[in-house]
Amino acid sequence: MRDDFRVQVSDLVPIAPPSWHVDVDYRNRILRSDVEVEHTFSPGPGVRMVWGMGYRNDQLRAFQIFNKDRIHYRSGRLFANLEWRATPQWLLNAGLMSERGSYSGTLVAPRLAANYHLREGHTVRAAIARSYRRLTPFEHEADMRFHEVNTGILLLRTAQPSPDVKPERITVRELGYHAELARERVNMDVRLFEERIDRLIDRDNVPSDPAPLLDPRAQQYFSDDRARIRGIELATMWRPSATTWLGLNLTRLKIDSTNSRAERSAPRASASLFAAWSPAPQWHLSLAHHHVGTMGWFLRKSQSVAHRKRTDARLARSFATPELRGEFALVLANLGRRDPDFRPALSTPRQAYVSMALEF
């Protein structure tokens, strides 16, 4: 990515000499190498298993962001998952992943799940899992310094390394119910869940060493907060006919946290309506309407976005030959009002575009 420009210091500090300026260079290059091997087999009747290992190496070059020429970010992983059909009613799952990364040390993520088949078309499930969000290079090593070109004076330091920040740890518990009603042509899934996040990462301005001329502080990341997310999700699909689909998704959640900004970092309620019709074997028409409740972006102290709605339409025609398959599509996006997106001052305009996909 290329993103470089010049800033006149006098535009920020009127008393600065007119010749003072800062050359900002956000150019960066990222090269990722990733290899993974998986092995799937059945060790016995009613048992299936997959296991494997992988290795990833990221090379980053972004001097303005890290104040160094190059960063290597390496991680390796070993994983396995076992599925056991204990009885015709019981299906059990157990999984484990061990991962070691440049900043995070060794992290072990287990998962256990049980599914009980009540009767034809009705299944309940319970699951518990622990996972981690590994640190990004920016969270651990960002060191953004801005020098005046003529004198070399350090004017600002907007980020400094965070050697003590730790990976976020997430524990998830859930109960679910799944129904497939063949006669009514209805498919429904309900999920109750609780997610506990320990070592929730936040950032704050702290004294910088060296201290810049315009502001003696710089942002640094910390992992001292906690959060608990409780909610319910509903997803259902109804097929009134073989060529018609109607869908509904609902989510309701509540966040409690030691950080007040985290408590409003996701909408408490969101919903989606979906309708699709295939008037002919090669034609497909769909309409989707989304509603997202009020929320505020985490890590931004005073930035909130009001509830917003969005409606999209899509018309597609598929085709096939002996050599390939493909699809042409026309999409009309954001057909309703222009609600704010990400920032209160930003909104997504109505858009139309065409696409083509080929498989060969």
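Numbers given for residues are sequential positions, taken from 1 along each chain in its written order. For a predicted model such as this one, the threshold for reporting local features is a pLDDT of at least 70, and the threshold for listing and counting side-chain atom pairs is 80 or more; totals across whole chains, interfaces and linings nevertheless cover every residue. Side-chain figures throughout are based on the complete set of non-hydrogen atoms in the structure, without hydrogens or water.

Participant: Got a minute to help me understand the environment of Glu 233 in this structure?
Facilitator: By definition, any uninterrupted DSSP run of H or I lasting at least four residues is a helix, any uninterrupted run of E lasting at least two residues is a strand, and each is numbered from the N terminus. On the secondary structure map, Glu 233 appears in strand 13 (residues 217-241). The exposure class assigned to Glu 233 is partly exposed, which follows from its relative accessible area of 30%. Between the alpha carbons of Glu 233 and Arg 252 there is a distance of 6.6 Å; along the sequence they are 19 residues apart. Contact definition: two residues touch when any of their heavy atoms are within 4.5 Å. What Glu 233 contacts, discounting residues up to four positions off in sequence, is Asp 189, Val 190, Arg 191, Phe 193, Leu 250 and Thr 251. For the exposure calls, accessible area comes from a 1.4 Å probe over protein chains only, and a residue counts as buried if that area is under 20% of its type's maximum, exposed if over 50%, partly exposed in between.

Participant: What should I look at first to understand the environment of Gly 152 in this one?
Facilitator: Among the secondary structure elements, Gly 152 is positioned in the loop between strand 9 (144-147) and strand 10 (154-159). Sequence separation between Gly 152 and Val 22 is 130 residues, and the spatial gap between their C-alpha atoms is 9.6 Å.

Participant: Quick question: what am I supposed to make of the side chain of Asp 143 here?
Facilitator: With respect to the element layout, Asp 143 can be found in the loop between helix 3 (137-141) and strand 9. At a separation of 3.1 Å, a polar atom in the side chain of Asp 143 contacts the side chain of Arg 145. Beyond its immediate stretch of four places on either side in the chain, Asp 143 contacts Gln 64, Ile 65, Phe 66, Asn 67, Arg 157, Ala 159, Gln 160 and Pro 161. Any N or O atom pair separated by 3.5 Å or less is treated as a polar contact, with the protein-specific requirement of one donor-capable and one acceptor-capable atom, and with residues adjacent in sequence counted only for side-chain atom pairs.

Participant: It is not clear to me how the nonpolar core should be interpreted in this structure. Could you clarify?
Facilitator: The nonpolar side chains of a soluble globular protein tend to be buried with one another. The biggest cluster of nonpolar side chains holds 11 residues, and these are Leu 60, Ala 62, Ile 65, Phe 66, Ile 71, Tyr 73, Tyr 103, Leu 135, Val 165, Ile 201 and Tyr 221. Once residues lying within four places of it in the same chain are set aside, the contact partners of Tyr 73 are Arg 56, Asn 57, Asp 58, Ser 102, Tyr 103, Arg 134, Leu 135 and Pro 137. In this description, a nonpolar core means a group of buried Ala, Val, Leu, Ile, Met, Phe, Trp, Tyr and Cys residues linked to one another through side-chain atoms lying within 4.5 Å.

Participant: Is there a simple way to think about the pairing of strand 15 (residues 269-277) in this case?
Facilitator: Two faces, one strand: in a regular strand the side chains alternate between the faces of the sheet. When DSSP finds two or more bridges between two strands, those strands count as paired. With nine bridges connecting them, strand 14 (residues 244-257) and strand 15 associate as antiparallel partners. Residue pairing in the sheet places Thr 244 in a bridge with Trp 277 of strand 15. Sheet topology places strand 15 next to strand 16 (residues 283-292); eight bridges connect them, and they run antiparallel. Note that in strand 16 the partner of Ala 276 across the bridge is Ser 286. Here strand 15 folds back onto strand 16 in antiparallel fashion, the turn holding five residues.

Participant: Sorry if this is basic, but what is going on with the packing of aromatic side chains here?
Facilitator: The geometry of an aromatic ring pair comes down to the distance between the two centres and the angle between the two planes. In summary, the pairing rule links any two rings of Phe, Tyr or Trp, Trp by its six-membered ring, whose centres are within 6.5 Å, and it sorts them by plane angle into stacked for under 30 degrees, edge-to-face for over 60 and tilted for everything else. Evaluated as defined, the whole model comprises five aromatic pairs. Judged by centre distance (6.1 Å) and plane angle (65°), the ring pair of Phe 5 and Tyr 26 falls under edge-to-face. Taken as a pair, Phe 5 in strand 1 (residues 4-8) and Tyr 26 in the loop between strand 2 (21-25) and strand 3 (29-44) lie far apart in primary sequence, 21 residues in all. Ring centres of Tyr 73 and Tyr 103 lie 5.0 Å apart, and the angle between their planes is 35°; this geometry places the pair in the tilted category. Separated by 30 residues along the polypeptide, Tyr 73 in strand 5 (residues 71-85) and Tyr 103 in the loop between strand 6 (90-101) and strand 7 (105-119) bring together distant segments of the chain. You can call Tyr 103 buried: its relative accessible area is 14%.

Participant: How should unusual backbone geometry be read in this particular structure?
Facilitator: Glycine aside, residues mostly have negative phi, and peptide bonds are mostly found in the trans state. Backbone torsion omega between Asp 209 and Pro 210 reads 5°, so that peptide bond is classified as cis. Relative to the elements of secondary structure, Pro 210 occurs in the loop between strand 12 (186-207) and strand 13. With a phi close to 60°, Asn 67 is a non-glycine residue in the positive phi region. As for its position among the elements, Asn 67 is in the loop between helix 2 (63-66) and strand 5.

Participant: What is the right way to look at the side chain of Ser 278 in this model?
Facilitator: Secondary-structure assignment places Ser 278 in the loop between strand 15 and strand 16. Under the relative-accessibility criterion, Ser 278 is labelled buried at 14%. In this structure the side chain of Ser 278 is engaged in a polar contact, spanning 2.9 Å, whose partner is the backbone oxygen of Trp 283.

Participant: Just checking my understanding: could you explain the environment of Ala 357 for this structure?
Facilitator: Relative to the assigned elements, Ala 357 resides in strand 23 (residues 351-359). The class for Ala 357 is partly exposed, based on a relative accessible area of 42%. Each C-alpha atom, one on Ala 357 and one on Asp 339, is 30 Å from the other, the two residues being 18 residues apart in sequence. The contacts of Ala 357, once residues within four sequence positions are left out, are Arg 325, Gly 326 and Glu 327.

Participant: I'm lost on a nonpolar patch on the surface in this one. Help?
Facilitator: Patch membership requires more than 30% relative accessible area and the absence of a salt bridge. Residues of like charge join within 9 Å; the nonpolar side chains Val, Leu, Ile, Met, Phe, Trp and Tyr join within 5 Å. Only the protein chains shown count as covering a residue, and every accessible area follows the Shrake-Rupley method with a 1.4 Å probe. Salt bridge, as used here: a side-chain nitrogen of Lys or Arg that lies within 4 Å of a carboxyl oxygen of Asp or Glu. On the surface, Trp 277, Trp 283, Leu 285, Leu 287, Leu 315, Leu 330, Leu 332, Leu 335 and Val 354 cluster together into a nonpolar patch covering about 790 Å² of accessible area. With respect to the secondary-structure elements, Leu 335 resides in the loop between strand 20 (325-333) and strand 21 (340-341). The class of Leu 335 is partly exposed, set by a relative accessible area of 37%.

Participant: Looking at this structure, I do not really get the pattern of salt bridges. What am I missing?
Facilitator: A side chain with one charge may pair with a side chain of the opposite charge, provided their charged atoms come close. Counting across every chain of the model gives 28 salt bridges. Between Asp 189 and Arg 125 there is a salt bridge, with the nearest N and O atoms lying 3.1 Å from each other. Placement of the pair is Asp 189 in strand 12 and Arg 125 in strand 8 (residues 122-133), with a sequence separation of 64 residues. For Asp 189, a relative accessible area of 22% translates into the label partly exposed. For the salt bridge of Arg 314 with Glu 327, the shortest nitrogen-to-oxygen distance reads 2.6 Å. In this pair, Arg 314 sits in strand 19 (residues 308-320) while Glu 327 sits in strand 20, placing the two residues 13 residues apart along the sequence. With relative accessibility at 28%, the residue Arg 314 sits in the partly exposed group.

Function cannot be read off these values alone, since they describe shape.
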